[in-house]
Amino acid sequence: MSQPEPPSRLAFDDVVIDTAGRRLWRGGVEQSLEPKAFGVLALLAGAPGRAFARDEILDAVWGHRHVTPGVLNRVMTLLRHALGEEANAPRYLHTVHGVGYRFDLPAAAAAVPAATSTQPEPASGPASTPMPGEAPSMPAAVPVRRFPRAAWVAIPLLAALGFAGWKWWPHDAPVAGDATPAIPARATVPPTLVVLPLRAVGVDHDEGVLAQGLSEELTTRLSRIKGLSMISATSATIAQARQFDSAQLAERLKATHAIEGSLRETDRELRINLRLVELPSGKLVWTQAYDRKPTDVFSVQGEIAQDVATALALQPAAIITADQRSIDPLLLRRVHEARAILRGSADANGRDPEAMMRALVAEHPDYAPAHGFLSVMLYVKHGRDPAALREARREAELAQRLDPDEPESCYTLATLAALDTDWERAIAMFRKSAQLAPSDPAFPGIYGRAMAGLGYLDEGLREAAFGTAHDPLSAMALSTQAMLLDAAGRHDEARRQYEDFAAAAPERAGSVSWSRWFNAFWRHDDAGMQAAMDTMPQGNWTASYRAVTAALHDATRWPQAWAEIEASERRARAQHVDGPGVNFLRLSLPNPDYVQSLAVMDDSLRNNWGNYHLMIWMPEYRAARQSPAFQDYLKRNRILDYWRAHGFPPQCHPQGDGAVCA
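Residues numbered from 1 in each chain as written. Predicted model: local features only at pLDDT ≥ 70, side-chain atom pairs only at ≥ 80, totals over all residues. Heavy atoms only, no water.

**So, the overall build of the protein chain**
Reasoning step 1: Helices and strands together make up the secondary structure of the protein chain, namely 27 helices and 16 strands.
Reasoning step 2: Across the 662 residues that make up the protein chain, the buried fraction comes to 51%.
Reasoning step 3: A total of about 29300 Å² of accessible surface is found on the protein chain, and carbon and sulfur atoms cover 54% of it. (Helix = DSSP H or I, 4+ residues; strand = E, 2+ residues; numbered from the N terminus. Buried < 20%, exposed > 50% of the residue type's maximum accessible area, 1.4 Å probe, protein only. Areas by Shrake-Rupley, 256 points an atom, 1.4 Å probe, with all protein chains shown as cover.)

**A look at the layout of surface pockets**
Reasoning step 1: Considered as a void within the structure, the second largest pocket measures approximately 720 Å³ in volume.
Reasoning step 2: Along the walls of the second largest pocket sit 33 residues, with R54, T95, Y101, A289 and R292 positioned nearest its centre.
Reasoning step 3: Going through the elements one at a time, helix 3 (69-82), strand 6 (93-96), strand 7 (100-103), strand 14 (284-292) and helix 8 (299-311) are the ones with two or more residues in the lining of the second largest pocket.
Reasoning step 4: Per-element accounting of the lining of the second largest pocket gives the leading share, seven residues, to strand 14.
Reasoning step 5: Of the residues assigned to the lining of the second largest pocket, the class counts are nine nonpolar, eleven polar and 13 charged. (1 Å grid on protein atoms, 1.4 Å probe; cavity = no way out; pocket = protein on both sides within 12 Å on 5 of 7 lines; lining within 4 Å. Points joined across faces, edges and corners; volume = space filled by probe spheres on them. Nonpolar A, V, L, I, M, F, W, Y, C, P; charged D, E, K, R; others polar.)

**Some points on the packing of helix 15 (residues 442-453) against helix 17 (residues 475-487)**
Reasoning step 1: In contact at an axis separation of 10 Å, helix 15 and helix 17 are set at 15° when each is read in the N-to-C sense. Taken together, the axis directions place helix 15 and helix 17 in an arrangement best described as roughly parallel. For the element pair helix 15 and helix 17, the recorded crossing hand is left-handed. Residue-level contacts link A442, G445, G448, R449 and A452 of helix 15 to M476, T480, M483 and L484 of helix 17.
Reasoning step 2: Broken down by class, the residue content of the contact of helix 15 with helix 17 amounts to five nonpolar, three polar and one charged. (Axes fitted to C-alpha atoms, helices over the stretch in contact; angles between N-to-C directions. Parallel < 35°, antiparallel > 145°, perpendicular 65-115°, else oblique. Left-handed = near helix turned anticlockwise from the far one by under 90°. Contact = heavy atoms within 4.5 Å.)

**A few points about the sheet that holds strand 5 (residues 51-53)**
Reasoning step 1: Read from one edge to the other, the open sheet built from three strands follows the order 5-7-6, with strand pairing classed as antiparallel. This sheet does not close on itself; its edge strands, each paired only once, are strand 5 and strand 6. Across this sheet, the average inter-strand angle for adjacent strands is 30°, counted without regard to direction.
Reasoning step 2: Of the strand pairs in this sheet, strand 5 and strand 7 are connected by three bridges, and their pairing is antiparallel. In the strand pairing of strand 7, F52 is matched with Y101.
Reasoning step 3: Each of strand 5, strand 6 and strand 7 is contacted by helix 1 (residues 35-45), which is oriented at about 65° to strand 7, the strand it contacts most.
Reasoning step 4: Docked against the sheet, helix 2 (residues 54-62) engages strand 5 and strand 7, running at close to 75° with respect to strand 5. (Pairing = 2+ DSSP bridges.)

**Here we look at the pattern of salt bridges**
Reasoning step 1: One pass over the full model with this rule turns up 21 salt bridges.
Reasoning step 2: Between R393 and D420 there is a salt bridge, and its shortest N-O distance comes to 3.5 Å. Placement of R393 in helix 12 (residues 386-402) and of D420 in the loop between helix 13 (407-419) and helix 14 (423-436) is noted, with a sequence separation of 27 residues between them.
Reasoning step 3: On the accessibility criterion, R393 (30% relative accessible area) is partly exposed.
Reasoning step 4: Between D657 and K635 there is a salt bridge, with the nearest N and O atoms lying 3.2 Å from each other. Of this pair, D657 sits in the loop between strand 15 (652-655) and strand 16 (658-661) while K635 sits in helix 26 (residues 628-636); the two residues are 22 residues apart in sequence, bridging distant segments of the chain.
Reasoning step 5: Taking relative accessible area as the criterion, D657 reaches 55% and is therefore assigned exposed.
Reasoning step 6: Each of the salt bridges in this network shares a partner with another, and the network as a whole consists of D352, E354, R358, K381 and E391. (Salt bridge = Lys/Arg side-chain N within 4 Å of Asp/Glu carboxyl O.)

**Details of unusual backbone geometry**
Reasoning step 1: For the peptide bond that leads from L279 to P280, omega is 5°, which places it in the cis range.
Reasoning step 2: Structurally, the position occupied by P280 is in the loop between strand 13 (270-278) and strand 14.
Reasoning step 3: Of note in the backbone geometry, D13 takes a positive phi value of approximately 45° without being a glycine.
Reasoning step 4: Tracing the backbone through its elements, the reader meets D13 in the loop between strand 1 (9-12) and strand 2 (15-18).
Reasoning step 5: Phi is positive for R638, close to 60°, though the residue is something other than glycine.
Reasoning step 6: Overall, R638 belongs to the partly exposed group, its relative accessible area being 36%.

**Thoughts on the packing of aromatic side chains**
The geometry of an aromatic ring pair is captured by two quantities: the separation of the ring centres and the angle between the planes.
Reasoning step 1: If you walk through the whole model with that rule in mind, you get 17 aromatic pairs.
Reasoning step 2: Centroid distance F584 to Y612: 4.6 Å. Interplanar angle 5°. Geometry classified as stacked. Here the residue F584 occupies a position in the loop between helix 22 (558-575) and helix 23 (594-599), and Y612 occupies one in the loop between helix 24 (601-607) and helix 25 (622-625), the gap between them amounting to 28 residues.
Reasoning step 3: For the ring pair W617 and W643, a centre distance of 6.1 Å and an interplane angle of 50° mean the geometry is tilted. Of this pair, W617 sits in the loop between helix 24 and helix 25 while W643 is found in helix 27 (residues 639-646), placing the two residues 26 residues apart along the sequence. (Phe/Tyr/Trp six-rings, centres within 6.5 Å; stacked < 30°, edge-to-face > 60°.)

**Topic: the nonpolar core**
Reasoning step 1: Among the nonpolar cores identified, the biggest contains 86 residues, and W517, M615, Y621 and W643 are the most heavily contacted of them.
Reasoning step 2: Sequence-distant contacts of W643, defined by excluding residues within four places in its chain, comprise L454, Y456, W617, L634, F648, P649, C652, A659 and C661.
Reasoning step 3: Counting residues in each nonpolar core, the second largest holds 44 residues, with L228, L312, L331 and M356 among its members. (Core = buried A, V, L, I, M, F, W, Y, C linked by side-chain atoms within 4.5 Å.)

**Focus: the pairing of strand 6**
Reasoning step 1: As paired strands, strand 6 and strand 7 are joined by four bridges and run antiparallel to one another. Across the sheet, residue V96 finds its bridge partner in strand 7, namely G100.
Reasoning step 2: The hairpin formed by strand 6 and strand 7 contains three residues between the paired strands, and G98 there has a positive phi angle of roughly 80°.

Shape is all these values report; function is a separate question.
Structure, rendered in structure tokens:
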């Protein structure tokens, strides 16, 4: 289709489009645009008032239609920024729903005819800044030339070639003179972004579940953008529930930017309104509305990620793969609904999340997230049942075949490998799950704890610190880091983390009361031990902690404390409780039996239960590492095999067929 020949120069408001020189000026300042972006602008501005279909634009500028929708969306975002289309500002580019885009000129705008001068352009910038309401002047003596028609037709091809070179040629970041997005990121502070849960608009189909799920999915997608740090969905949800303002988001989350918005869904349309704001100022950086079909719920995440990367002047995220574009959003809703029920954030109303996932995989056997989530539930709920473990493995392996980037199945396979002491596979899959979902603190934290359990305390602490940096309000992230700090003998730092945990989740203070007791025990803090017991929930282990605390002050009570420890273990075995079924207060006894303690640490190590298996690395238990029982522990759990293949941890070195650890 032949396109109208564009005018050589358009001037309106404080904008000048110089099509001959392929430059855009706003407010007397030249705006940097990529070749393809200027090609789109020239095409639309060349026929004001006309609606161009998306395919027409792709044909004219790229020379073909084999371009993902996100590319054109990204270009439109660039153009809107370059034209200054912020809140309450004039809008020139308009989305024509179901068609494409239209460019509208203000009534006072004028097209400037071509000049005949061929003098070279000066290198200087704009001659002056215009007065309000006055069109900016171009640099002095800037000639405008009309391209020959053949040259104008060639521009789209050149733009396409320019884009291909930019896209595929190796590069790290734009340099002076390159085409760069209009809105730069902060020069000295890498951006840290929090996606606040989208506000559900309407009541059909329980949009709240989909809105929360889409917020979590978007956080994961954005975490793959190079140079962008993401705050986890867990901390984002807590921050929104506590009604944090911009200053609190910046202070408590260390975030530089936030995304907020809403989601409305009907049977025929999905509308997502988003705003990107700077923190703590609250300044609007970017805003966009996305109108899509409900089946585009996955592909729209890719478009949003592209637009956010552009707004922050970062390398765009990977384009979403084509096979995910047409998945029914009902599937996403059903998975997230089951997750919400499992973690107690949604009313079950008699529904069992395991049964929900079994029904979903039966109806949609090719949906990887359902298989992955089912594999986790099978392990968590029935981990002592060999048949359940076999089924969990089958579900996880199927999820991996369907989608190798499904993180929950990676976690299941890692855990099952740990049960078999196959640390090569376990660590690889733990690491993969952490890489696939870096904004979910559970995966980096579990990976860090697995590494620490094998003696790599420094790497474990790095992963734990990563988890708390990205999830500063999460009780799980804080408790994991506290456990690893205790393992490294940094008990004062661990105490502060436990205090932060109690402040972040006071309703869950009892869940770490045993760990807090041990932390106080290692610090010789009687008041701390008593404070931990005050928050300790009544249960199988409680009486033994009180008995040991009393014996620490009165040595004549050790026989009673020993009796309470043994009684708690008998009850645990009789009740078939989850966990090792061993009371690790044994290690607090005078002259502890390290042979017996190490013999029962196997279950804690392989299941990654609590922090009990980490205690073997503490400075307080150096004597245990000198015992022959420690050599047996390393061998039967195949830890030595992993060390020989990947290097010994700093505190250990090989000796004979074993190892010596300081």
